[in-house]
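Remarks on the overall topology
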Amino acid sequence: MNPDSKNFYEVARGLTSWLFTTDHKRIGILYLICVMTFFVIAALLGITIRLELFSSNSEAGGSLLGGGEIYNRILTLHGVIMIFLFIIPAIPGVFGNFFLPIMIGAEDVSFPRINLLSWYCYIIGAALALFAILSGAIDTGWTFYVPYSAKTGANLILPLSAAYMLGWSSILTGINFIVTVHRLRAKEMKMFRMPLFVWASYATGWIQVIATPVVGITLILLLLERFLGIGIFDPTKGGDPILYQHMFWIYSHPAVYVMVLPAMGVVSEIIPTFSRKTIFGYSFIAWSTMAIAAIGSLVWAHHMFTSGMADESRILFSFLTFFVAVPSAVKIFNWLATMYKGSIHLEPPMIFGLIFVLLFSIGGFTGLMNGTLSIDIHIHDTAFVVGHFHYTMFGGVGVMFFGALLYWFPKMFGRNYNKKIIYLCGFLFFVGFNMLYGTMKWLGIQGMPRRYADYVPEYEFWNRVATVGSWVMVGGLFLMIFHLLYSVFKGSKAEDNPWEGTTLEWQTTSPPPLVNFNEPPQIPEKPYDYPEEVKS
Amino acid sequence: MSELAAAEHGHDHYDPEANKLGFWLFLFTELLLFGTMFIAFAMYQDMYKIEFIEGTHHQNIILGTVNTIVLLTSSLTMALAIQALRRGLKTLSIAYMAFTIVCSAGFCVIKFIEWSAKYHKGIFLLNENMDTLPKGEQVYYGLYFTMTGFHAFHVLVGALLIIWVMVAVAKGKVHAKRLSFIDNVGLFWHLVDLVWIFLFPLFYLIR
C-alpha cells in the first residue's frame, strides 16, 4: 500500500499515539475533545443559573439552590470554565493548531514538542480547576478581586494555580504560532499572501505573549498576599487593592481579543469562500487585526470606571475604548462589502458567519455604551453588562467556534454532516440566544444587578423569558454537538474541497496526511482568488 | 523511510533562527513578569517616598555591591563560555560555566546572609514585628522580599539550566554547529543579571 494514501489518523493507533503525539493536527483534535467537554459542563451550569433566576424567591417561597452560597459557586464555575477552559483555548487550540501550519504550507509548527507541552499545561490546569470544584469550590467570581479573595475561607490555591497553568498553555501556543508564521511559511507564501485566519492567529499570539505574563504574576502575588502577607494589595499594610484590578485587567481585557481575533479570522475565511469572491480590503483586515491587538492593550481600565480613579484617566480610557471599535468596524464593513454582489451560498458555516456578524455588531454597539463613561455609571454591574459580553463572547466567539467546526469538519474528519439538522440547530440557537441575552440587556437597563441570586418580583416576567430562551438555545446547541459527534463516525465520506475554498487546506486530502501535503501545494497570488466570472 | 520516521525527521529539523526567536519571546514574557512588579514598585515609591528611603537605610550596601559584582562576573564568564564553544574549545567552555555556577551559588549564599540578618531583626514576612512598622515600610519590605525572592528563584533556575547545558556540552550534544541551547541559556542568564541591575539601585541606592 502506498504510504502516501494514509491519513494522519491511520499512521498510528492507540492511546499513546495520541498522548505523546507531536503532530499539530492530533493536538488540535485533543484540544477539540477537551474544549467540547468543558463547554457542555459549563453550559449545564449556565442552565442551572437561569433555573435559579426563573422565579423571584420572595414570591415562589424559596430558592432552587437553597441559598446564595451555592449560587455564587456555580456562577464562578460557569465563568471560570467558559473563559479559561473554553473560549480562550477554543479556536487557537483546535483550529489554530490544526490549520495554521497547513494554511501556510508547513509540515508542522516550529516547536512541536512545546505544542504538546502546551496541551499538557492545559490539561493540568483543567484538572486543578475541576479538583478545586470538587474540593469545595470558590466563591470569588472569575476575577478573584482583592480584598475578598485575600480573606475568603475558600481554598484559592487550586483555582489560582489552575489559571496560572492555563496561562502557560496560552503563552506557549502564542510563541509557537508567532515563530511558525515567521519561520515555516512555504517559499512563495509572503506575509501578505497569508489567509486572514493566519493573520488573526498571529496577532493573537502576540497578545498572548504580551498580556498573559502580567496576569500570571498578579495571581502569584495574590497567593503570596494570602499566605505570606506581602501587603502589596492589603490596605492595612499600606497596599492598594485597586492596583490588583489594574493588573488583572491589563491582561484580562486584551484576553477578550485573544478570544475574539481568531473568531474574526474564521469569519474572514468563511465569508469570501461562500460569496465566491475575493475578500474586500485584504490588507485593511490584516492591519486592523494588528491594530486591535495594539489598541486593545490600552483600554483595560474601562472595567473600573466605578472603582475609584482620577476623572482624567477615566475620560482617557473611555476615549481609547471608542477608538478600539474603529478597527472592529473596519472588519464588519469589509465583510459586508465582500458579500456585496458575491455569489452567496447559504451553507451552514455561512449561516453561522452571518449570525456572528449580526450578534457581534449588537455586542459591539452595546460595548460602546459600556465604554461611555456617563452611561457606564448607570449600567455598571447590571445584567446589561452580562448581556453585552455574552453577545460578544458567546454570540461572537462561541458562534464562530461552531462556525469553524462546521466549515472545517469535512477536512478534519473526512465526513459530512446533515445540513438540514444544522440549519434547525442554527435557527433554535439564534432565537434562544436573543431571548436570553437580549432580555438581559433590557433587565439591566431597568436596574437588575448582575451576580445576584434573587431579584424583586417586578423583574420576574423578563427573567422567565430569558430562562425559556436558555432552554431553546442550549437545546439547539446540544442537538448540533450530538449530531456532529454522530457524523464523525457515521457521516458520509467528504470530498477534498466541498466548499470550493481557495486556501491551502483545501488542496490536500480530507483528512490530511501526516506531513499535510502529499505533493507541494500551489500557492495562489492572493489567498481568496476566485476567477473573474464568479466574482461578478 | 517510513512515513513516521520521515515526519520525525521533519520535526527534528534544526532551525537556530526559530529557536532564538522563540526564546526571545519567552524572555519578553519574563520581562513583563518583572515589569509588572517594577510598576508596582514605582507606584508605591511615589506614594511612600519617605518610608521607602527609610527602608533603603536598613539595607547592607556592601553585601549588595559584592553581590552585584558576583553576578556581573558570572554573566561575563557565561558569555565567554559561549564564545569558547563557538571556537570549538569544549573544555574551556565547561570550565567557564563551572565558574558561572560557583558565582551563582555565591550570590545565593550572600542573599541568604542578608535575608537571615533581616529575619533576626524581626523584619520578615508573617513576622508580628512587621505590623508595628509604618505602612509604607511594610510595603517596601513586602516588595523587597517578593522581588528579590523572584529574582533569587530565577538565579536557581538559571544555575540548573547551566548545569544541564554543561552536561549537554560534555556529551557533545551542544557543539560549535549546534549552539541554540547554550545561546538561549546564556540569554536567560543575562536577563537574570539585567533584572538585578535594576533591583540593586532601587532597593539599596536611592537615599
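Below is a summary of the structure that appears in this document.

A few words now on the packing of helix α7 (residues 157-183) of chain A against helix α2 (residues 16-47) of chain B. Between α7 of chain A and α2 of chain B, the least distance of the axes is 10 Å, while the angle of their chain directions is 145°. In terms of crossing hand, the pair formed by α7 of chain A and α2 of chain B is right-handed. Of α2 of chain B, the residues touching α7 of chain A (which contributes Trp168, Ile171, Ile175, Ile178, Val179, His182 and Arg183 of chain A) are Glu17, Ala18, Leu21, Gly22, Leu25, Phe26 and Thr29 of chain B. Residue classes in the contact of α7 of chain A with α2 of chain B are distributed as nine nonpolar, three polar and two charged.

This paragraph deals with the environment of Thr143 of chain A. Of note, Thr143 of chain A is situated in the loop between α5 (112-134) and α6 (148-151). Beyond its immediate chain neighbours, meaning those up to four positions away, Thr143 of chain A contacts Tyr244, Phe248 and Trp249 of chain A.

Take Ser328 of chain A: it is sitting in helix α11 (residues 311-339). A polar contact is formed between the side chain of Ser328 of chain A and the backbone oxygen of Val324 of chain A, at a distance of 3.3 Å.

Before going further, it helps to spend a moment on the interface of chain B and chain A. Taken together, the 35 residues of chain B in the interface contact 43 residues of chain A. Taken together, the two surfaces of chain B and chain A that pack against each other cover about 3,200 Å², and 73% of this comes from carbon and sulfur. Between chain B and chain A we count one salt bridge in total. In this structure, the salt-bridge partner of Asp15 of chain B is Arg183 of chain A, at a minimum N-O distance of 3.0 Å. Where chain B packs against chain A, one counts five residue pairs in polar contact (both at pLDDT 80 or more). For the side of chain B that touches chain A, the element with the most residues is α2 of chain B, which contributes 17 residues.

Let's shift gears to the environment of Leu484 of chain A. All names here are of chain A. When you line up the elements, Leu484 lands in helix α16 (residues 460-490). Sequence separation between Leu484 and Arg415 is 69 residues, and the spatial gap between their C-alpha atoms is 9.7 Å. Excluding residues within four positions of it along the chain, Leu484 makes contact with Leu405, Leu406, Phe409, Tyr417 and Ile422.

Time to look at the nonpolar core. Residues Phe95, Phe401 and Trp408 of chain A are the most contacted members of the largest nonpolar core, which totals 239 residues. Apart from the residues within four sequence positions on either side, Phe95 of chain A is in contact with Ala90, Leu100, Phe197, Phe401, Ala404, Leu405, Trp408 and Met412 of chain A.

Residues and elements named next belong to chain A. Structurally, the position occupied by Ser149 is in helix α6. On the basis of relative accessible area, Ser149 is assigned to the buried category, the value being 0%. A polar contact is formed between the side chain of Ser149 and the backbone oxygen of Tyr145, at a distance of 2.9 Å. Among the polar contacts made by the side chain of Ser149, one reaches the main-chain amide nitrogen of Val146 at a distance of 3.4 Å. Every residue in contact with Ser149, bar those within four places of it in the chain, is listed here: Thr140, Phe144, Leu156, Leu222 and Arg226.

Parameters at a glance
- Residues numbered from 1 in each chain as written.
- Chains lettered and ligands numbered in written order.
- Predicted model: local features only at pLDDT ≥ 70, side-chain atom pairs only at ≥ 80, totals over all residues.
- Heavy atoms only, no water.
- Axes fitted to C-alpha atoms, helices over the stretch in contact; angles between N-to-C directions.
- Helix = DSSP H or I, 4+ residues; strand = E, 2+ residues; numbered from the N terminus.
- Left-handed = near helix turned anticlockwise from the far one by under 90°.
- Contact = heavy atoms within 4.5 Å.
- Nonpolar A, V, L, I, M, F, W, Y, C, P; charged D, E, K, R; others polar.
- Polar contact = N/O pair within 3.5 Å; in protein donor to acceptor, adjacent residues only side chain to side chain.
- Buried area = accessible area lost by both parts, 1.4 Å probe.
- Salt bridge = Lys/Arg side-chain N within 4 Å of Asp/Glu carboxyl O.
- Core = buried A, V, L, I, M, F, W, Y, C linked by side-chain atoms within 4.5 Å.
- Buried < 20%, exposed > 50% of the residue type's maximum accessible area, 1.4 Å probe, protein only.

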